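Structure at a glance
Below, each chain spelled out in residue letters.
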Amino acid sequence: MTARIAYADVEVGTELPARTFPVTRATLVRYAGASGDFNPIHWNERFAKGVGLPDVIAHGMFTMAEAARVVTDWAGDPAAVVEYGVRFTNPVVVPDDDTGAEIEVSAKVAAKLDDEARTVRVDLVARSAGVKVLGLSRAVVRLA
Amino acid sequence: MALDQSFTGRTYPPTEPYEVGREKIREFAVAIGDANPAYTDPAAARALGHPDVIAPPTFVFSITFAAAEMVTQDPKLGLDYSRVVHGDQKFRYSRPVVAGDVLTVTSVIESVKSMAGNDILDIRGDVHDAAGEHVVTAYTKLVARAPEEDK
């Protein structure tokens, strides 16, 4: 494990570079295939609306994967993430057009946990169309 | 109908081994749009100290969630899967998943609760490699919403 960021160089409040991730229907079809999650709420508008959703929604695990990229890109080595958890608070609604939806992710160092293990807690916020899509979103990251 | 809370603590037998392939990791990395070379280039992964390409942090969910079907499809538990939504997800890693890993998952029902007519099921999936070493544990909270007529 070879994190690029040194524990000594971060403070509580240090912001990670924020990112915006696009998601279209094509993204969801590809993710369904790669992950093996073929639940029709993620690709079939008729089915999604039939179960009371506003439209097709993104896989929660897709949103969780996108949010993780803010942390792994910052840390350098994805293996620096030793713990990662989220709550799925609202769905990412993905319309059937060429632009789809966007997932905006910001993150900051919320705590320095352990000087020996050089671990920090990063708190993430993910929003789409103005609503929070991930809550209690936290990663524990082991720095250099 | 509330789930049987006596299922709390129940452990299911380990899954058949899942062999992690480089190309499956690549397919997943492309699907999440992540160009990190640690996922696709063995030399880049080795430069970070890994024996081969590693998987993105959430990759293992496909394996643990398939394993959790033993729980969610258990006729004795009687979960109405058409009403289930994914509430929370957490991973605790001992090390990253690496191409070539042969992984087994042991699923445990950590708790069964009913709140306001909803059934809340916490499932833990302990993932071990071929040597029996711990790789990662996945914690999955599923919420089965109450049927309309019960409200």
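All values reported here derive from a predicted model rather than from experimental measurement.

**What to know about the interface of chain A and chain B**
Between chain A and chain B, the contact holds 28 residues from the first and 29 residues from the second. Contact between chain A and chain B buries roughly 2,400 Å² in total, counting both sides, with carbon and sulfur atoms accounting for 56%. Looking at the side of chain A facing chain B, the largest losses of area belong to Ala34(A), Met61(A) and Pro78(A), adding up to 21% of the total buried there. Summed over the shared surface of chain A and chain B, the result is three salt bridges.

**Some remarks on the UniProt feature "domain: FAS1-like dehydratase" (unreviewed entry) in chain B**
Taking the UniProt record as the reference, the feature "domain: FAS1-like dehydratase" (unreviewed entry) is found at residues 7-137 of chain B. For residues 7-137 of chain B, the end-to-end C-alpha separation is 20 Å, with 21% helix and 31% strand making up the annotated structure.

**Remarks on the pattern of salt bridges**
Going through the model one piece at a time under the given rule, you end up with 19 salt bridges over all chains. Between Lys141(B) and Asp122(B) there is a salt bridge, with the nearest N and O atoms lying 3.1 Å from each other. With Lys141(B) in strand S5 (residues 134-144) and Asp122(B) in strand S4 (residues 118-128), this residue pair connects regions lying 19 residues apart in the sequence. Each member of the salt-bridge network shares a partner with another, and the members are Arg25(A), Glu45(A), Lys49(A) and Asp55(A).

**With respect to helix H1 (residues 22-31) of chain B**
For H1(B), the set of buried residues is Ile25(B), Phe28(B), Ala29(B) and Ala31(B). Looking straight down H1(B), one finds its buried side chains confined to an arc of 160 degrees; they lie on one side. Structurally, H1(B) contributes buried residues whose contacts are with helix H1 (25-35) and helix H3 (60-75) of chain A. Downstream of H1(B) by a residue or two, Gly33(B) has a phi angle that is positive, lying close to 75 degrees.

Calculation notes
Residues numbered from 1 in each chain as written. Chains lettered and ligands numbered in written order. Predicted model: local features only at pLDDT ≥ 70, side-chain atom pairs only at ≥ 80, totals over all residues. Heavy atoms only, no water. Contact = heavy atoms within 4.5 Å. Buried area = accessible area lost by both parts, 1.4 Å probe. Salt bridge = Lys/Arg side-chain N within 4 Å of Asp/Glu carboxyl O. UniProt positions renumbered as here; feature names shortened; annotations may be inferred. Helix = DSSP H or I, 4+ residues; strand = E, 2+ residues; numbered from the N terminus. Buried < 20%, exposed > 50% of the residue type's maximum accessible area, 1.4 Å probe, protein only. Arc of directions from axis to C-beta.

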